[in-house]
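So the chains spell out like this:
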Amino acid sequence: MSTRDFIEKDYYGALGVPQNADAAAIKKAYRKLAQELHPDKNPGNAEAEARFKEVSEAYDVLSDPKRRGEYDDARRLFGAGGAGARAGFPGGFPGAGPGSQPFDLGDLFGGAAAGGRNAGGLGDILGGLFGGGAAAGGPRARSQAASGPARGQDVETEATLSFEEAVLGVTVPLRMQSPGSCPTCAGSGAKPGTSPHACPVCSGAGVTSRSQGAFAFSEPCRNCRGSGQVVDDPCATCSGSGITTQTRTITVRIPAGVKDGQRIRLAGKGAPGRRGGPAGDLFVVVHVAEHALFGRKGEDLTLTVPITFAEAALGATVTVPTLDGTVSLKVPAGTASGRTLRVRGRGVPGKARSGDLLVTVEIAVPVRLTPGQRKVIETLAEEMDEDPRPQITAAVTAGGER
């Protein structure tokens, strides 16, 4: 991303959010637009594809706090527009003669897009003013870096997993669209059978210098746009850019124990790099479906199991389900409804230790009784004359005596 892009492109407008929008609002706006403009939903619609690329580029910058800060700094300092006339110098840089090219202050600011918010700065500007184009950090050095290998963009996608897949881990295929090297020209931008050549204006340096009185100014070459190379016969597939939007399917291993909303980073699985640069990273946002029986509390699984009154009073061994089978659970005699029993090691798998299965037992009360059952319970009630509510009974009695 060049500084010219930072200054000339309105990423907030592309996503339809204000400049003070927080990360959540930016992400929500991007997801909505991406779903509406996705090429799969708009086959053959060049305008929708262009807008899809625009909002993707905007989100790529605004979702990264560091790059968003650099973008905001560049636009605050130079304003939207990029060239000297739009940066506060009508007609170009002060002192330029009639017909001269406007001086691009955005390129002097170059460190923002390449090396961090504080990179470049005044040192770059002075280096350009006094002819230090080849000095470390100067415009010539930045142009040479820009024409060298470039890291591919990071890509974000989503995956919806079942509860079992999230807990136990799963390998899933992901189909996604992202920028990649043009398959026709192998990323060179030139028509097959031809190749780019050194720019004749800057001799492949990517920058040009011109004198203005006692000063010498360096700026990116306008003929090759700072790349140092010229394509005479552009590739028809990518229009000379070397990049096309491609659909690909990759196999991704989701580790056991991922949580809903977790963001997984897969190094080197993003968009391919340019000019031999490394690939970007792939970020997978995981969504986990709910389970009919199990819940999750950290690394522990939760489960509610009904038991009979007899099992709770006399004790019993009951069979309860787990995600990968069943287990026998001993219910102690006199277990109260709502008590939670722990089955160790049958929760979420872990490297050091696995979580536990927390089983909450609830006494199931029959809705209808047969005459025989009713008689037995009535006899039991007569035998069990102990009041289970002594404190409540005492409070009611005390209240009635007042």
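Before any of the text, the structure's been laid out above.
Residues numbered from 1 in each chain as written. Predicted model: local features only at pLDDT ≥ 70, side-chain atom pairs only at ≥ 80, totals over all residues. Heavy atoms only, no water.

Engineer: Explanation requested: the sheet that holds strand β1 (residues 155-161) in the structure shown.
Structural biologist: Consider a sheet: its strands pair through backbone hydrogen bonds, and that pairing is either parallel or antiparallel. The strand order across the open sheet formed by three strands is β1-β9-β8, and the pairing between neighbours is mixed. Either end of the sheet is taken by a strand with one partner, and the two such strands are β1 and β8 (263-266). Put simply, the sheet's adjacent strands are angled 30° from each other on average, direction ignored. One ladder, built from seven bridges, connects β1 with strand β9 (residues 282-288); its direction is parallel. Across the sheet, Val155 pairs through a bridge with Leu282, a residue of β9. (Pairing = 2+ DSSP bridges. Helix = DSSP H or I, 4+ residues; strand = E, 2+ residues; numbered from the N terminus. Axes fitted to C-alpha atoms, helices over the stretch in contact; angles between N-to-C directions.)

Engineer: Looking at this structure, how should I read the packing of aromatic side chains?
Structural biologist: The geometry of an aromatic ring pair is captured by two quantities: the separation of the ring centres and the angle between the planes. What the rule picks out here adds up to three aromatic pairs. Their ring planes at 5° and their centres at 4.1 Å tell us that Tyr30 and Tyr59 sit as a pair that is stacked. Taken together, the positions of Tyr30 in helix α3 (residues 23-37) and Tyr59 in helix α4 (residues 46-62) put the pair 29 residues apart, joining distant regions of the chain. Like Tyr59, Tyr30 is buried. Feature note: the residues Tyr11, Tyr12 and Tyr71 constitute an aromatic cluster, connected by ring pairs. The side chain of Arg263 reaches across the aromatic face of Phe283, ending 4.1 Å from its centre. (Phe/Tyr/Trp six-rings, centres within 6.5 Å; stacked < 30°, edge-to-face > 60°. Buried < 20%, exposed > 50% of the residue type's maximum accessible area, 1.4 Å probe, protein only. Lys NZ or Arg CZ within 6 Å of the ring centre and 35° of its normal.)

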